[in-house]
Amino acid sequence: MKKSILHITLVAFLTITAFVANAQQAPIFTNYEYSYTTINPGFGGLSDGVNIMGIYRDQWSGFEDVNGNRVSPRTFIVSGDMPIQALAGGLSFSVMKDAIAFEDNINVNLGYSYHMDLGSGTLGLGLALALDNRTMDFSKAIVIDENDPVLPKSSESDMLFDANIGAYYTVPETFYAGVAVTSLLKTKGKALSENSGSSSASFVGDRTFYLMAGYYIQMPDPRYIIEPSMCLLSNIAATQINLSAKILYNKKFWMGVNYRHKESVGILAGLGIKDFRLNYSYDINIMGLAVKGSHEFAVSYIFKLDLEKSPRIYRSIRYL
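Residues numbered from 1 in each chain as written. Predicted model: local features only at pLDDT ≥ 70, side-chain atom pairs only at ≥ 80, totals over all residues. Heavy atoms only, no water.

## Remarks on empty space enclosed by the protein
Enumeration over the complete set of coordinates arrives at three cavities of 30 Å³ or more. Empty space within the largest cavity amounts to approximately 460 Å³. Contributing to the lining of the largest cavity are 30 residues, with Ala 26, Pro 27, Met 96, Thr 182 and Ser 183 lying nearest its centre. When contributions to the lining of the largest cavity are tallied by element, the ones reaching two or more residues are α2 (36-39), β3 (89-100), β4 (103-118), β5 (121-137), β6 (155-171), β10 (208-215) and β12 (224-234). If one sorts the elements of the lining of the largest cavity by residue count, β5 sits on top with four residues. In this structure, the second largest cavity occupies an estimated 60 Å³ of space. Residue lining of the second largest cavity: Gln 25, Ala 26, Asp 206, Thr 208, Leu 233, Ser 234, Asn 235, Ala 238, Thr 239 and Gln 240, and that is the complete set. Those elements that place two or more of their residues in the lining of the second largest cavity are β12 and β13 (239-249). For the lining of the second largest cavity, a count of residues per class yields three nonpolar, six polar and one charged. (1 Å grid on protein atoms, 1.4 Å probe; cavity = no way out; pocket = protein on both sides within 12 Å on 5 of 7 lines; lining within 4 Å. Points joined across faces, edges and corners; volume = space filled by probe spheres on them. Helix = DSSP H or I, 4+ residues; strand = E, 2+ residues; numbered from the N terminus. Nonpolar A, V, L, I, M, F, W, Y, C, P; charged D, E, K, R; others polar.)

And the structure:
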């Protein structure tokens, strides 16, 4: 009985988040630095080559409703960016597939970042065009009144066009900070149900604000580096923050922890082989609900390019 109540409560929460609010809350990642290409177009092209990244997140792993439908959020991102000297900046591209309850979305971003040398670092100012294909299968929803005329009875979909903007400042191996806004235009789609007239709900882009920062602390033993970082996102109605800290050994192995306010504590581990990075994290639920934890995998590889860069004065003693 308690399990059924829990199922119904969480499924109702997921459905309300995806439908009644008329907007989908942006997904959040424990390895959030691997999502920067998607959420902050200013990040594009600031590395030394073609940077390929991917993330897969399985939140509340295996959670199902009372009918056996898997309704736990699952998100997959693949992205790439590279510097383009002829454009005085860089280009970025990302594809994200996000499924939550009975809603399935595919988001495609194509961005440009203009780069400016500022002191010992580089500032990227970016703009991305976003295409969001939203689909929701109402036939699988568990509703109180199946004859409610407001709710569609079948699968509904729509295509939304929007834009993202962002700024990202980085001092190599020392510090980074960025701000970004996704779904800037907060585009509203067509009515989902023709029978319910102008009062019918519709898909709406969820404008989300991001603040991110990180710092690299060189320990007395040069083999060890500590990386504290944070990522805050807010759509005004709700705000979420990640606070993380990792310790690296020879830049080949690392472990860390992540705290997500009132939601989870994450354990992180990673491995680096030359220009390849592999990361895994497991989030332990602290919401007080009897749901499983969340798994997340993140990978990246950078194809180094021989780029001519202007001389720069670094403040870090590692560059003396």
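## Let's talk about the packing of aromatic side chains
The relative placement of two aromatic rings is captured by the distance of their centres and the angle of their planes. Tallied over the entire structure, the rule returns nine aromatic pairs. Note on Tyr 168 and Tyr 176: the rings are 5.6 Å apart at their centroids and 15° apart in plane angle, and the pair reads as stacked. With relative accessibility at 4%, the residue Tyr 168 sits in the buried group. Using a relative accessible area of 7% as the deciding quantity, one classes Tyr 176 as buried. When the centroid spacing of 5.0 Å and the interplanar angle of 45° are considered together, the rings of Tyr 280 and Phe 297 count as tilted. Taken as a pair, Tyr 280 in strand β16 (residues 276-285) and Phe 297 in strand β17 (residues 294-304) lie far apart in primary sequence, 17 residues in all. Among the aromatic residues, those joined into a cluster by ring pairs are Tyr 36, Phe 43, Tyr 168 and Tyr 176. (Phe/Tyr/Trp six-rings, centres within 6.5 Å; stacked < 30°, edge-to-face > 60°. Buried < 20%, exposed > 50% of the residue type's maximum accessible area, 1.4 Å probe, protein only.)

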